[in-house]
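So the chains spell out like this:
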Amino acid sequence: VEISVRGERDVVRVEVQDHGPGIPAEFRKRIFQKFSQADSSDTRQKGGTGLGLAISKELIERMNGMVGFTSQKDQGARFHFELPLVRGEMLAQAVNADEIPGAPRLLVVEDDPDIARLLALLLNRAGFNADVAATGTVALQKLEQHHYAAITLDLMLPDQSGVSIIRQLRSLPEYECLPIIVVSAYMDDGRLSINGDFAAVDWIDKPIEERRLIEAVQRSLKAQSSQRMRVLHVEDDADLHRIIATLGRDVADFDVASSLAQAQECLVNSRYDLVVLDIGLPDGSGWDLLPVINALQPAPQVIVLSGTELSDAQRQAIYQGLLKSHASTEGLLDTIRQAIKRQKPAAT
């Protein structure tokens, strides 16, 4: 067995090379699982429980590292792990990119300032706004403070591993579909670590190719768009709609109709999962739209905003009714989120 240790930029890499028979191809996907053994027969010559690699992987990832291997038949196997070097100060991330009004905003999670600057500039040139986070902690803080259409993620960060961040985000409902484009020199190790458990994760190897990066971002955003819920907000108060559409953009895409006529046109030409319906409209009552909505297959759910109390019959005809005088913006958004959870995305 040969052991080597070397530094690579901000990490230390340890490699262990043996000269045995190698790892069977059919076993490689399971090699880090608990109690996994390439030879589990009663006549096997080697002992062990199949826990060593699983424990090693757990320990290394808890120290914000990555573990992986390469192997060829009859030529042995080379296992390696990398751990980040601890730096006393994080370098400031200064990115000179132009702000594009109304463009999708992406978060670049990368601790190397040169690579972070390159990624941000490439994304900006492709029509995106980009923020940068040099650590996992800062990335999670920024995600709480801003809405991002997608993130690019390095796997080796100073404070936690990119795999850990993926697992944290996918455990939260608001981020379970957030597109994540992993940009890392350790792409194969990352894929092995999550073992295909999470959707909406794309992978790009370093060094970065601009075309592949932009294609991955566009592909991820397109896939996310096809899965998002669509809401028709029938409301003649433009300011109210702007507030609802802005605050609710993490859960759905909002279209607006300021009159019954516009609402009918939208319902004919597009499919919606939910209709938020104001009763007092310039060209009539919102109740007049219910027969049109109920005739759709499938019919979207309806939340009514009314200036007066609703009757029992009116409440039974809709998903939820809210009094304008009592409904806060956050209360309306909570009702929209609850309604959306009951629906599957509409086909476009």
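Here, every reference points to the structure presented above.
Figured I'd write up the structure that's included with this text. Here the residue numbering is sequential within each chain, running from 1 through the sequence in written order. Predicted model: local features are reported for residues with pLDDT of at least 70 only, side-chain atom pairs are reported and counted for 80 or more only, and whole-chain, interface and lining totals are derived from all residues. Heavy atoms throughout the structure, all of them, feed into the side-chain values; hydrogens and water do not.

So, the pairing of strand S15 (residues 301-306)
Line of reasoning, step 1. In terms of burial, S15 is largely enclosed, as six of its six residues are buried.
Line of reasoning, step 2. Burial here depends on accessible area, computed with a 1.4 Å probe over protein chains only, as a share of the maximum for the residue type. Under 20% is buried, over 50% is exposed, and the range in between is partly exposed. Runs of E in the DSSP output that reach at least two residues are strands. Runs of H or I that reach at least four are helices, and both are numbered from the N terminus. Burial along S15 is two-sided: the face carrying Gln301, Ile303 and Leu305 and the face carrying Val302, Val304 and Ser306 are both buried.
Line of reasoning, step 3. Two strands form a pair only when DSSP identifies at least two bridges running between them. Here strand S12 (residues 274-278) runs beside S15; their pairing, made up of five bridges, is parallel. Bridge pairing in S15 places leucine 274 opposite glutamine 301.
Line of reasoning, step 4. Sheet analysis places S15 next to strand S16 (residues 320-323), joined by four bridges and oriented parallel. The residue bridging serine 306 from the neighbouring strand is leucine 323, located in S16.

Thoughts on the nonpolar core
Line of reasoning, step 1. For the purposes of this section, nonpolar cores are sets of buried Ala, Val, Leu, Ile, Met, Phe, Trp, Tyr and Cys residues that join through side-chain atoms within 4.5 Å. Counting 26 residues, the largest nonpolar core has Leu107, Leu143, Ile151, Leu153, Leu169, Ile180 and Val182 as its most contacted members.
Line of reasoning, step 2. Contributing elements (two or more residues each) for this core: strand S5 (105-109), helix H3 (136-145), strand S7 (150-153), helix H4 (162-170), strand S8 (180-184) and strand S9 (201-205).
Line of reasoning, step 3. Note on contacts: a residue pair qualifies if any of its non-hydrogen atoms lie within 4.5 Å across the two residues. With residues up to four places along the chain from it excluded, the contact list for valine 182 reads Leu153, Leu155, Ile166, Val201, Asp202, Trp203 and Ile204.
Line of reasoning, step 4. Counting 21 residues, the second largest nonpolar core, distinct from the first, contains Ala120, Ala150, Ile181 and Val217.

Description of the packing of aromatic side chains
Line of reasoning, step 1. Each Phe, Tyr or Trp ring, with Trp reduced to its six-membered ring, pairs with another whose centre is within 6.5 Å; inter-plane angles below 30 degrees give stacked pairs, above 60 give edge-to-face pairs, and intermediate values give tilted ones. In total, this model carries two aromatic pairs according to the counting rule given.
Line of reasoning, step 2. For the ring pair phenylalanine 32 and phenylalanine 69, a centre distance of 6.1 Å and an interplane angle of 55 degrees mean the geometry is tilted. Here phenylalanine 32 is found in the loop between strand S2 (11-17) and helix H1 (52-62), whereas its partner phenylalanine 69 is found in strand S3 (residues 66-71), with 37 residues between them in sequence. Phenylalanine 69 carries the same exposure label as phenylalanine 32, and that label is buried.
Line of reasoning, step 3. The structure contains a cluster of three or more aromatic residues connected by ring pairs, namely Phe32, Phe69 and Phe79.

Structural notes on the pattern of salt bridges
Line of reasoning, step 1. Each salt bridge in this description consists of a side-chain nitrogen of Lys or Arg and a carboxyl oxygen of Asp or Glu lying within 4 Å of one another. A full pass over the atoms with the stated rule returns 16 salt bridges.
Line of reasoning, step 2. A salt bridge links lysine 57 to glutamate 61, with the shortest nitrogen-to-oxygen separation between them at 3.1 Å. A residue pair is termed a helical-turn pair when its members lie 3 or 4 positions apart in one helix, as lysine 57 and glutamate 61 do in helix H1 at four residues.
Line of reasoning, step 3. Residue lysine 206 is joined to glutamate 110 by a salt bridge in which the shortest nitrogen-to-oxygen separation is 2.9 Å. Of the two residues, lysine 206 sits in the loop between S9 and helix H6 (210-227) while glutamate 110 sits in the loop between S5 and helix H2 (113-125), which places them 96 residues apart along the sequence.
Line of reasoning, step 4. When salt bridges with common partners are traced through the structure, they connect Arg6, Arg13, Glu15, Arg78 and Glu82 into a single cluster.

Take it as geometry only, folks, not as evidence of what the structure does.
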